[in-house]
Amino acid sequence: MTRMLAVPFLILGLTPLQAQTTQAQSTQAQTTQAQTTQALAATAEGTQVADAGVAARSFTEGDKTVSVTAPVRIGDDVTTFSLDNGMDVVVIEDHRAPVVVQMVWYRAGSADELVGQSGVAHFLEHLLFKGTDKLAPGEFSATVAANGGSDNAFTSYDYTAYFQRVAADRLPLMMEMESDRMTNLKLSEGDIVTERNVILEERNQRTENNPGALAREQFMAAQYQNLRYGVPVIGWKHEMEELSLEDALAFYGLNYSPNNAILIVAGDVQPDDVMALAAKYYGVIPPEPDLPPRLRPQEPPQTAPRRITYTDARVSQPYLVRSYLATERNTGDQKTAAALVYLAELLGGSSFTSELGRALQFDTQTAVYTSAGYDPSSLDTSTFALSVVPGTGVSLSEAEAAMDKVVADFMANDIDPAAMDRIRNQMKAREIYALDDVQGRAQRYGAALTQGLTVQDVEAWPQVLQEVTAEDVKAAAAEVFDLNQSVTGWVVADKEQAR
Ligand SMILES: [Zn+2]
């Protein structure tokens with residue numbers, strides 16, 4: 001099982017070419033790569049039996065034959081299958097507009113980096129926009145744009161992903177280019193120097209110039225004593241400065257292979273057509289035989305509360321954050337994570353109705369802002385976090401005591417059934433609206449499949465959320481509120497505020 005970090009997550013990503021979307025990230029898990037692959041295979045086989053009549057297929061590409069597993073249909077509009085080189089494919093049909101999103105997700109993020117090379121996953125993400133044998137540096141994105149599309153990429157702890165959004169008839173061209181850079185990347189020392197300066201500048205802008213982000217790095221490093229979630233996705237500056245061509249190529253060579261990748265195609269497409277295209281462009285790429293299992297160091301038992309005071313003159317308003325290790329969604333076992341989603345809503349969801357909002361912002365003016373955060377999506381252990389910005393004249397100690405009292409009262413009292421119903425209905429509405437966003441759906445699958453879950457887990461999640469009971473929430477809360485697994489951070493401008 002795993003948990004996630006809810007608080008201040010760091011996310012990174014985006015190419016400098018068209019920086020737009022940064023993907024927030026959430027997560028960590030303990031599932032090994034081997035387990036993930038087995039789970040996917042097991043599920044597909046299981047369903048295949050029920051779907052008798054849908055056969056595996058093979059395609060001939062030049063002198064190669066590419067076999068594809070029998071497609072498995074999930075729900076109304078999702079189809080999944082695997083190529084014989086190990087690449088998993090998910091097709092999400094949405095025929096409302098003649099548009100398609102292609103995403104390729106690698107099961108390789110910053111938490112998969114070698115020790116001493118923090119930031120290399122994100123560095124490589126930038127470098128993927130350099131050239132290949134067929135494409136000059138920058139030509140990838142220029143071609144997407146010339147075809148009326150947009151593209152980008154993002155990196156997180158558990159994955160690196162690339163995507164293009166184009167007219168549906170341009171999908172073959174996108175696959176041709178994306179499959180090309182999976183194996184044919186050409187990098188020069190000049191690319192390394194240039195792009196290393198870009199990522200260092202990115203760190204300056206996102207982190208060094210942002211006291212909240214610097215504080216977050218300190219919290220995360222204290223929260224995780226062994227897992228690589230304690231290392232920032234963008235990397236520690238002193239290690240980023242040393243990233244070399246060899247480092248980037250080593251990470252690329254090992255991790256960028258079809259057996260470590262998931263192709264998601266969402267939009268106005270037919271699964272059969274995607275299958276043929278995927279076989280043609282990706283199926284001919286040989287798998288990486290030395291792909292290591294995704295074995296990550298796990299947390300030891302955490303046996304002492306940690307406290308941090310981060311002082312930075314640029315902090316405009318002091319605040320406090322408490323984060324705890326928290327279980328994340330695991331395959332076939334998403335109940336605790338679902339209960340923690342409710343817990344976050346109950347404690348800090350709405351400032352009008354949540355426990356923290358009512359007690360600290362309305363009944364008293366102890367705080368001007370409160371929140372609770374939990375991200376259930378993570379390969380390894382996540383976090384659950386509470387934060388409070390004290391009101392005028394309220395010290396951080398007073399605010400922290402008030403926050404602790406809210407939690408203690410919550411644990412001592414029954415949960416209001418009306419509050420459970422309200423959240424349940426919100427979740428239902430949220431899941432229905434989410435169906436409207438095809439790229440968002442693609443991201444859900446990509447994140448889940450790189451974080452140890454299966455397509456079936458993704459499909460089951462809304463129902464798991466609906467079935468959460470007040471008892472489940474209480475049990476999850478009792479497990480998560482363990483001070484020995486917590487970090488309490490105060491963020492202040494000067495010593496005066498640290499009281
Ligand atoms: Zn970047």
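Residues numbered from 1 in each chain as written. Predicted model: local features only at pLDDT ≥ 70, side-chain atom pairs only at ≥ 80, totals over all residues.

Go over the overall build of the chain, please, and point to the residues and values.
The helix and strand inventory of the chain stands at 16 helices and 15 strands. By residue count, 50% of the 499 residues in the chain fall in the buried class. Considering only intrachain contacts with a sequence separation of at least 6, the fraction spanning at least 24 residues in the chain is 79%. (Helix = DSSP H or I, 4+ residues; strand = E, 2+ residues; numbered from the N terminus. Buried ≥ 20, exposed ≤ 12 C-beta atoms within 10 Å, placed from the backbone. Contact = placed C-beta atoms within 7 Å.)

Tell me what's going on with the sheet that holds strand 12 (residues 319-326), and back it up with residues and numbers.
Strand order in the open sheet made by the five strands is 11-15-12-14-13, with mixed pairing throughout. Each of the sheet's edge strands pairs with one partner strand only, and the pair in question is strand 11 (306-311) and strand 13 (367-374). Here the average twist between neighbouring strands, direction ignored, is 15 degrees. Bridge count between strand 12 and strand 15 (residues 486-492): six bridges; the pairing is antiparallel. Bridged to tyrosine 319 within strand 15 is valine 491. (Pairing = 2+ DSSP bridges. Axes fitted to C-alpha atoms, helices over the stretch in contact; angles between N-to-C directions.)

So what's going on with the pairing of strand 9 (residues 160-167)? Which residues, and what values?
Working note: regular strand, side chains alternate between the two faces of the sheet. Burial runs high along strand 9: seven of the eight residues are buried. Direction of pairing for strand 7 (residues 99-106) relative to strand 9: antiparallel, over a ladder of eight bridges. Its bridge partner being in strand 9, valine 99 is matched across the sheet by alanine 167. Strand direction decides the pairing type here: strand 8 (residues 150-155) and strand 9, joined by six bridges, are antiparallel. Within strand 9, the residue paired with asparagine 152 across the bridge is phenylalanine 163. Hairpin geometry of strand 8 and strand 9 is characterised by an intervening segment of four residues between the two adjacent antiparallel strands.

Tell me about the environment of glutamine 456, residues and numbers included.
Summarising the element assignment, glutamine 456 is placed in helix 15 (residues 455-466). With 124 residues separating them along the chain, glutamine 456 and glycine 332 place their C-alpha atoms 8.6 Å apart.

Account for helix 11 (residues 355-362), with residues named and values stated.
In terms of residue burial, helix 11 counts as a mostly covered element, since six of its eight residues are buried. Of all the residues in helix 11, the buried ones are Glu355, Leu356, Gly357, Ala359, Leu360 and Gln361.

An account of the packing of helix 10 (residues 335-348) against helix 16 (residues 470-480) is requested, with residue identities and associated values reported.
For the pair helix 10 and helix 16, the least separation of the axes is 8 Å and the interaxial angle reads 90 degrees. Taken as axis vectors, helix 10 and helix 16 run roughly perpendicular relative to one another. The segment helix 10 lies against helix 16, with Lys335, Thr336, Ala339, Leu340, Tyr342, Leu343 and Leu346 engaging Asp472, Val473, Ala475, Ala476, Ala477 and Val480. Looking at the contact of helix 10 with helix 16 residue by residue, the class counts come to ten nonpolar, one polar and two charged. (Parallel < 35°, antiparallel > 145°, perpendicular 65-115°, else oblique. Nonpolar A, V, L, I, M, F, W, Y, C, P; charged D, E, K, R; others polar.)

Which residues make up the nonpolar core, and what values go with them?
Formed by 127 residues in total, the largest nonpolar core has its most connected members in Trp105, Leu263, Ile264, Ala278, Leu340 and Leu343. When residues in this core are grouped by element, the largest group, ten residues, is from helix 10. In terms of domain composition, this core takes at least three residues from each of domain 1 (12-281) and domain 2 (306-497). When near neighbours in sequence (up to four residues on either side) are disregarded, leucine 263 contacts Met87, Val89, Val104, Ala278 and Tyr282. (Core = buried A, V, L, I, M, F, W, Y, C linked by C-beta atoms within 7 Å. Domains from an automatic or database assignment.)

Describe the pairing of strand 3 (residues 64-68), naming the residues involved and giving the relevant values.
Looking at chain direction, strand 2 (residues 57-61) and strand 3 are connected through five bridges and run antiparallel. The residue bridging phenylalanine 59 from the neighbouring strand is valine 66, located in strand 3. Here strand 2 hands over to strand 3 after two residues, with glycine 62 in that stretch at a positive phi of 60 degrees.

Residue-level account of the environment of isoleucine 234, with values.
As for its position among the elements, isoleucine 234 is in the loop between helix 6 (211-223) and helix 7 (237-240). Between the C-alpha atom of isoleucine 234 and that of arginine 203, which follows or precedes it by 31 residues, the distance is 6.7 Å.

Outline the confidence of the model for the chain, supporting the account with residue identities and numerical values.
Mean pLDDT for the chain: 90, with 89% of residues reaching 70 or above. For the stretch residues 1-53, pLDDT sits under 50, and the model shows 174 contacts to residues farther than four places along the chain or on other chains. (pLDDT = per-residue confidence, 0-100.)

Let's hear about the environment of aspartate 404: which residues, and what values?
Take aspartate 404: it is sitting in helix 12 (residues 396-412). Sequence separation between aspartate 404 and leucine 356 is 48 residues, and the spatial gap between their C-alpha atoms is 9.8 Å.

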